[in-house]
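# Summary of the model geometry
Listed here are the chains, written in short residue letters.
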Amino acid sequence: MSQADRSHTAGTDWDPGRAAVASAYQRFEPGAYLRNNYTPPRGDLSSPDGVGPWKLRCLAQTFATGEVAGRTLIDIGSGPTIYQLLSACAHFEDITMTDFLEVNRQELGLWLREEPGAFNWSVYSQHVCLIEGKGESWQEKERQLRARVKRVLPIDVHQPQPLGIASLAPLPADALVSAFCLEAVSPDLSSFQRALDHITTLLRPGGHLLLIGALEESWYLAGKARLAVVPVREEEVREALVLSGYEVRDLRTYIMPTHLRTGVDDVKGIFFAWAQKKVGVEV
């Protein structure tokens, strides 16, 4: 663990389960994770029944309502991916990306700066432009996203102040996005709930959270790293959101088809939740 990452996890509520998760993630390999999940077969966007098109469609349809909009958005636990923000960037002028791991923040930087070795997201950008139907080119889409991502910051969702005491992100945010983060870094369901409570403090009352995650997954691979995941079911996601002070606006599930169960995890499905933080509720 780097000194920066170690200091970010320092606190009086040290927990051996979370410490084990943090230690396991030091072996995380962004390139392997991207190959496993965002190149074919899972990265094949040609079939409307695939997992990639499903996630992109959920996001595009939700942003198309016009209700999830504002000035500031924070992406919680971005990992090495940007696809989750392709529909968001038209609706927010100040976007903060975040991740616990320095290697993931470096991977994001490669793409944001258009440097050699960056992962090629153009297939995803093209698909989003197609389903949004605005006549926008994928190059324009990527230019807009790069222009609106203002910072990439460290985060620890297990801390009461996930971005630290002196956050560089404008708070509270108008919206949060988080994909495959909370269940993947929580040793148990109660830790998942607390992490959700923590990130909710970053969101203004009335603001929106778009949450994507794995259903009934207990592990996944990222190169040499085999990461434990807390298995969650749809009803547990709904209950957690309600307990954290949200009104659940939409909750959808996708069952992972046999041909996409490729041995890199034991995921059974994916959930997409659109939730709105209630006004006047303190978590």
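Our structure's up above, just so we're on the same page.
Scope of this entry: the structure provided in the associated data block. This is a predicted model, so every value here is computed, not measured.

A few words on helix α5 (residues 102-112). Of all the residues in α5, the buried ones are Asn104, Arg105, Glu107, Leu108, Gly109, Trp111 and Leu112. Following α5 by one or two positions, Glu114 has its phi on the positive side, about 55 degrees.

All right, on to helix α2 (residues 16-24) then. Turn by turn, an α-helix covers 3.6 residues, leaving residues three or four places apart pointing in a common direction. Buried residues of α2: Arg18, Val21 and Ala22, and no others. Each buried residue of α2 lies within a common arc of 95 degrees when the element is viewed along its axis, so the set occupies one face. Tucked inside the fold, the buried residues of α2 contact α8 (189-200).

This brings us to the nonpolar core. In this structure, Leu176 and Leu241 are the most contacted members of the largest nonpolar core, which totals 88 residues. Here this core takes 7 residues from strand β5 (residues 203-215), the largest share from any one element. Among all residues touching Leu241, those that are not within four sequence positions of it are Leu196, Leu209, Leu211, Tyr246, Val248, Ala273 and Ala275.

Looking along the chain, the bond that leaves Pro40 and enters Pro41 is cis, with omega of 10 degrees. Here Pro41 shows up in the loop between α3 (30-38) and α4 (51-64). With omega at -5 degrees, the peptide bond leading from Leu171 into Pro172 counts as cis. The phi torsion at Glu114 lies on the positive side, around 55 degrees, for a residue other than glycine. Along the chain, the position of Glu114 falls in the loop between α5 and α6 (122-132). In this structure, Glu216 is a non-glycine residue whose phi angle is positive, near 50 degrees. Positionally, Glu216 belongs in the loop between β5 and β6 (219-222). Using a relative accessible area of 43% as the deciding quantity, one classes Glu216 as partly exposed.

Time to look at the pairing of strand β2 (residues 94-99). A regular strand carries its side chains on alternate faces of the sheet. Most of β2 sits out of view: 6 of its 6 residues are buried. In β2, alternate side chains face the same way, and those of Asp94, Thr96 and Thr98 on one face and Ile95, Met97 and Asp99 on the other are all buried. Note that strand β1 (residues 72-76) and β2 share 4 bridges and pair parallel. Looking across to β2, one finds that Leu73 is bridged to Ile95. Bridge count between β2 and strand β3 (residues 149-154): 5 bridges; the pairing is parallel. Across the sheet, the residue bridging to Asp99 is Pro154, located in β3.

The next subject is the sheet that holds β2. Overall, mixed pairing links the 7 strands, which are arranged β3-β2-β1-β4-β5-β9-β8 in an open sheet. The open sheet has two edge strands with one neighbour each: β3 and β8 (246-255). Mean inter-strand twist for the sheet, computed between neighbouring axes without regard to direction, equals 15 degrees. One ladder, built from 6 bridges, connects strand β4 (residues 173-179) with β5; its direction is parallel. Looking at the pairing, Ala179 lines up with Ile212 of β5. Its contacts with the sheet put α5 on β2 and β3, and the angle it makes with β3 is roughly 165 degrees. The strands touched by α8 within the sheet are β1, β4, β5, β8 and β9 (269-277), with β5 carrying the most contacts at an inclination of about 145 degrees.

Right, let's talk about the pattern of salt bridges for a bit. By the definition in use, this model includes 14 salt bridges. A salt bridge links Asp94 to Arg71, with the nearest nitrogen and oxygen atoms 4.0 Å apart. Linking Asp94 in strand β2 with Arg71 in the loop between α4 and β1, this pair joins segments that are 23 residues apart in sequence. For Arg146, the salt bridge is made with Glu114, and the minimal N-O distance between the two is 3.9 Å. Taken together, the residues Arg146 in helix α7 (residues 138-148) and Glu114 in the loop between α5 and α6 connect sequence positions 32 residues apart. The exposed category is assigned to Glu114, whose relative accessible area is 60%.

Definitions and limits used
- Residues numbered from 1 in each chain as written.
- Predicted model: local features only at pLDDT ≥ 70, side-chain atom pairs only at ≥ 80, totals over all residues.
- Heavy atoms only, no water.
- Buried < 20%, exposed > 50% of the residue type's maximum accessible area, 1.4 Å probe, protein only.
- Helix = DSSP H or I, 4+ residues; strand = E, 2+ residues; numbered from the N terminus.
- Arc of directions from axis to C-beta.
- Contact = heavy atoms within 4.5 Å.
- Core = buried A, V, L, I, M, F, W, Y, C linked by side-chain atoms within 4.5 Å.
- Pairing = 2+ DSSP bridges.
- Axes fitted to C-alpha atoms, helices over the stretch in contact; angles between N-to-C directions.
- Salt bridge = Lys/Arg side-chain N within 4 Å of Asp/Glu carboxyl O.

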